[in-house]
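Structural features, examined
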Amino acid sequence: MNNKKARVIAFYLPQFHPIPENDKWWGKGFTEWTNVAKAKPLFKGHLQPRIPADLGFYDLRMSEVREAQANLAREAGIEGFCYWHYWFGNGKMLLERPFKEVLESGSPNFPFCLGWANHSWTNKTWDKAKRFTPTGILQEQKYLGEEDYTNHFYYVLNAFKDKRYIRVDDKPVFVVFAPLAIPNVKIFIDLWNSLAIKNGLKGIHFVGIVGNSSTRSIRNNGSRLSYSLLSNNKVAKERYNHIIGLGFDAVNSRGQHRAEMLTKGSIKRILIRFVNEKFDGLIVDKYKYKDIIKHLYVEEDKWENVYPTIIPNYDRSPRIGKKHNIWYGSTPKLFGENIVDALKLVENKNDEHKLIFLKSWNEWAETNFVEPDIVFGKGYLEILASKLFK
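Just so it is clear, the model here is predicted, and its values are computed rather than measured. (Residues numbered from 1 in each chain as written. Predicted model: local features only at pLDDT ≥ 70, side-chain atom pairs only at ≥ 80, totals over all residues. Heavy atoms only, no water.)

1. Description of the overall build of the protein
From N to C terminus, the protein includes 13 helices and 19 strands. For the protein, the proportion of its 390 residues judged to be buried stands at 56%. Contacts in the protein between residues at least 24 apart in sequence constitute 76% of all its contacts with a sequence separation of at least 6. When the accessible surface of the protein is split by element, carbon and sulfur atoms take 51% of a total near 16,600 Å². (Helix = DSSP H or I, 4+ residues; strand = E, 2+ residues; numbered from the N terminus. Buried < 20%, exposed > 50% of the residue type's maximum accessible area, 1.4 Å probe, protein only. Contact = heavy atoms within 4.5 Å. Areas by Shrake-Rupley, 256 points an atom, 1.4 Å probe, with all protein chains shown as cover.)

2. Re the confidence of the model for the protein
On average, the protein scores 91 in pLDDT, and the residues at 70 or more come to 89%. In the model, residues 128-132 has pLDDT below 50 throughout and makes 16 contacts with residues more than four positions away in sequence or in other chains. A low-confidence stretch, residues 216-230 (pLDDT under 50), is modelled with 24 contacts involving residues beyond four sequence positions or located in other chains. (pLDDT = per-residue confidence, 0-100.)

3. A short note on a nonpolar patch on the surface
Among the surface-exposed residues, Leu-47, Ile-374 and Val-375 lie close enough to one another that they form a single nonpolar patch of about 270 Å² accessible area. Take Leu-47: it is sitting in the loop between helix H2 (32-37) and helix H3 (63-75). (Patch = residues over 30% accessible without salt bridge, like charges linked within 9 Å, V, L, I, M, F, W, Y side chains within 5 Å. Salt bridge = Lys/Arg side-chain N within 4 Å of Asp/Glu carboxyl O.)

4. Quick word on the environment of Val-284
When you line up the elements, Val-284 lands in the loop between helix H9 (266-279) and strand E13 (286-288). In this view, Val-284 contacts Leu-42, Phe-43, Lys-322 and Ile-326; residues no more than four positions away in its chain are not counted.

5. Remarks on the packing of helix H5 (residues 146-161) against helix H6 (residues 185-198)
In the contact formed by H5 and H6, the axes pass within 10 Å of each other and the chain directions differ by 45°. Taken together, the axes of H5 and H6 are oblique relative to one another. Judged by the sense of rotation from one axis to the other, the crossing of H5 with H6 is right-handed. Mapping the contact onto sequence places Glu-146, Tyr-149, Thr-150, His-152, Phe-153, Tyr-154, Val-156 and Phe-160 in H5 and Ile-187, Phe-188, Leu-191, Trp-192, Leu-195, Ala-196 and Lys-198 in H6. Each residue belonging to the contact of H5 with H6 can be placed in one class, and the counts come to 11 nonpolar, two polar and two charged. (Axes fitted to C-alpha atoms, helices over the stretch in contact; angles between N-to-C directions. Parallel < 35°, antiparallel > 145°, perpendicular 65-115°, else oblique. Left-handed = near helix turned anticlockwise from the far one by under 90°. Nonpolar A, V, L, I, M, F, W, Y, C, P; charged D, E, K, R; others polar.)

6. Remarks on the side chain of Glu-366
Along the chain, Glu-366 turns up in the loop between strand E18 (362-363) and strand E19 (368-369). In terms of polar contacts, Glu-366 uses its side chain to reach the side chain of Lys-359, at 3.4 Å. Once you skip the residues sitting within four places of it in the chain, Glu-366 turns out to touch Asn-313, Tyr-314, Asp-315, Arg-316, Arg-319 and Lys-359. (Polar contact = N/O pair within 3.5 Å; in protein donor to acceptor, adjacent residues only side chain to side chain.)

7. Description of the side chain of Glu-363
Locating Glu-363 in the fold gives a position in strand E18. Once you skip the residues sitting within four places of it in the chain, Glu-363 turns out to touch Leu-13, Glu-32, Trp-84, Arg-319, Asn-368 and Phe-369.

8. Section: the pairing of strand E8 (residues 171-176)
Taking burial as the measure, the six residues of E8 include five buried ones, the bulk of the element. Taken together, the three bridges between strand E4 (residues 112-116) and E8 define a ladder with parallel strand orientation. Within E8, the position partnered with Trp-116 by the bridge is Val-176. Bridging between strand E7 (residues 167-168) and E8 involves two bridges; their strand directions are antiparallel. Looking at E8, one finds that Val-168 is bridged to Lys-171. Adjacent in sequence and paired antiparallel, E7 and E8 are bridged by two residues, among which Asp-169 carries a positive phi angle near 55°. Here E8 runs beside strand E9 (residues 205-211); their pairing, made up of four bridges, is parallel. (Pairing = 2+ DSSP bridges.)

9. Quick word on the nonpolar core
Among the nonpolar cores identified, the biggest contains 111 residues, and Ile-78, Phe-174, Phe-188 and Trp-361 are the most heavily contacted of them. Look past the residues within four positions of Phe-188 in its chain and what remains in contact with it is Trp-116, Tyr-149, Phe-174, Ile-182 and Phe-206. (Core = buried A, V, L, I, M, F, W, Y, C linked by side-chain atoms within 4.5 Å.)

Given below as structure tokens:
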């Protein structure tokens, strides 16, 4: 790790370039920027729209943009990007061009890994203007069995073998967004580990994303989840062990739901959600960022095989208006407090496992980014560097 206190990996969204599918579904030229630019403040103190500064409204088909991003991330102490990767089955992919060009060109010379965003796309995925229409599937996530798993593996094998690929315990890191969604996920994991060894690797370091609390509880008979009405903020141990028991090497823990529940209270939060579903966002479900960051973590996040998450802000109103929760009042200084809390969680771990995931590098329509904007400039990146370097 050289002179850094932790290995920070930033999730990277490749949605900033037009593709034929988005042209068809949302209109010609649609990208993430479409919703970002038309966002509006919904209450006093709600900072919208957020406008990019140094990099502008970029297009990820441009190698110069990708190089500039890597330079900014490197200066901030970020080890590498985790590019979101979409494999829907039968070789169907979306948004694959930016990473494909990074891999094939060898540029930027900046570490990376892949995260499988294994979820379907619906007609509510990106555009808040569609919120009045019934939910429909635009691109379904399918799990087609061992032949398709094998084809998927060989598609990403060249990435795994790239010298830039991020490794833990000398194994390439592969993050799974929804680990419990994969039927018989152990078959998938065992197959990929076997294929990795067959192709000269030591295996795959699988990381499953899971919340440290939820309004759901895990059944004992398999991977399915069952709902419970009220939140349970004491299930982290059970949830983490469940993921590890399925064959994952580690957990990327998420504390957003727990933080919101403890900040507002479960009953009030459930009532607001109920009203908003019935009356289309009648109440703005808002949370102060300074309150949220007090409740993001649990004691189990100190486990050797648990990698916590730092998050600069969260506000999906550019995508879906008032129908989702909004964090507000985030500043680089407050983000610095979140970083310090996360560093304390990993300080006693083996250097190899001092991983922290940054959610996210560039989720602009979730107001969940550290790239420079016209309000804070490089503030979020500079505070990360100031806390990360020894």
